[in-house]
Amino acid sequence: QTRSQAQAPSRRSPPHHRPHAARPTMSTAPTLEAIKYSRGSLQLLDQLKLPFEFEYMPIADCKQTWQAIRDMNVRGAPAIAIAAALGLAVECGSKKGKLSDGAAAQKYILEQLEYLKTSRPTAVNLFNDCARLAAYTKTLSGSADEVLEGYVTEAEKMLASDISDNMAIGKA
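Source: prediction; values computed, not measured. (Residues numbered from 1 in each chain as written. Predicted model: local features only at pLDDT ≥ 70, side-chain atom pairs only at ≥ 80, totals over all residues. Heavy atoms only, no water.)

## So, the overall build of the protein
Summing up its helical and strand segments, the protein has six helices and three strands in all. Its helices and strands in sequence order give the protein the pattern α-β-β-β-α-α-α-α-α, from N to C terminus. A buried classification covers 34% of the 172 residues belonging to the protein. Relative to all contacts within the protein whose residues are 6 or more apart in sequence, the contacts with residues 24 or more apart total 61%. Accessible surface computed for the protein: about 10700 Å², of which carbon and sulfur atoms make up 56%. (Helix = DSSP H or I, 4+ residues; strand = E, 2+ residues; numbered from the N terminus. Buried < 20%, exposed > 50% of the residue type's maximum accessible area, 1.4 Å probe, protein only. Contact = heavy atoms within 4.5 Å. Areas by Shrake-Rupley, 256 points an atom, 1.4 Å probe, with all protein chains shown as cover.)

## Regarding the nonpolar core
Counting residues in each nonpolar core, the largest one holds 41 residues, and the members touching the most others are Tyr37, Leu88, Ile109 and Tyr151. It is helix α3 (residues 77–95) that provides the largest number of residues to this core, a total of 11 residues. With near-sequence residues (within four places) excluded, Ile109 lies in contact with Leu88, Cys92, Thr137, Val147, Leu148 and Tyr151. (Core = buried A, V, L, I, M, F, W, Y, C linked by side-chain atoms within 4.5 Å.)

## Concerning the packing of aromatic side chains
Using the criterion set out here, one finds one aromatic pair in the structure. Taken together, a centroid distance of 5.8 Å and an interplanar angle of 15° make the contact between Trp66 and Tyr115 stacked. Of this pair, Trp66 sits in helix α2 (residues 62–70) while Tyr115 sits in helix α4 (residues 102–117), placing them 49 residues apart in sequence. Of the residues examined, Tyr115 reaches a relative accessible area of 30% and is grouped as partly exposed. The side chain of Lys36 reaches across the aromatic face of Tyr56, ending 4.2 Å from its centre. (Phe/Tyr/Trp six-rings, centres within 6.5 Å; stacked < 30°, edge-to-face > 60°. Lys NZ or Arg CZ within 6 Å of the ring centre and 35° of its normal.)

## Re the side chain of Arg120
Relative to the helices and strands, Arg120 resides in the loop between α4 and α5 (124–139). Buried within the structure, Arg120 lacks any salt-bridge partner; its nearest side chain of opposite charge belongs to Asp71, at an N-O separation of 8.3 Å. (Lys, Arg positive; Asp, Glu negative; His and termini not counted. Salt bridge = Lys/Arg side-chain N within 4 Å of Asp/Glu carboxyl O.)

## Here we look at the pattern of salt bridges
Summed over all chains, the structure comprises eight salt bridges. For the salt bridge of Arg39 with Glu156, the shortest nitrogen-to-oxygen distance reads 2.5 Å. Here Glu156 lies in helix α6 (residues 144–171) and Arg39 lies in the loop between β1 (35–38) and β2 (41–45), a separation of 117 residues in the sequence. Measuring nitrogen to oxygen at the nearest pair gives 2.9 Å for the salt bridge that ties Glu154 to Arg132. Separated by 22 residues along the polypeptide, Glu154 in helix α6 and Arg132 in helix α5 bring together distant segments of the chain. Residue Glu154 is classed as buried on the basis of its relative accessible area, which comes to 11%.

## A look at the pairing of β1
Side chains Ile35 and Tyr37 of β1 all project onto a buried face; the interleaved residues Lys36 and Ser38 project onto a face where none is buried. As paired strands, β1 and β2 are joined by four bridges and run antiparallel to one another. Its bridge partner being in β2, Ile35 is matched across the sheet by Leu44. Remark: two residues form the turn of the hairpin made by β1 and β2, two consecutive strands paired antiparallel; Gly40 in that turn has positive phi of roughly 90°. (Pairing = 2+ DSSP bridges.)

Below you can see the structure in the form of structure tokens.
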């Protein structure tokens, strides 16, 4: 060996220091969700604070959802549309027992979908999904609570579909 080769420190870590064994896999790595939802509860990752802070904004109604979309706390076409759908779903939960009949519930949902569209007038996914949810809502029948429940279930399906699509992309 030459002198430089003999004195050069090894660039490879000793076997017991190699990070490969401890490195998280896709299935065990911590995840950062833009949207945290469970029935009656919505939290949106405040993307204005990234990357220095990871803070979730609790969303209780359409007004808070509208503001989060308008202020760009939530970003990305699918996330905007899903946040709007779920913000209304959370508010629908608080309307149970308070609307007179199915027609009143439909009217309420349709008005809120129109309102949410004004939060980001250029958001194509938001407009398309609000239109699809409006068309679906018009097919619902029954009591006010049944119409509200039908909407909530459909909004939750949007989230489930998005998660499924993202998982499929991750496997590709």
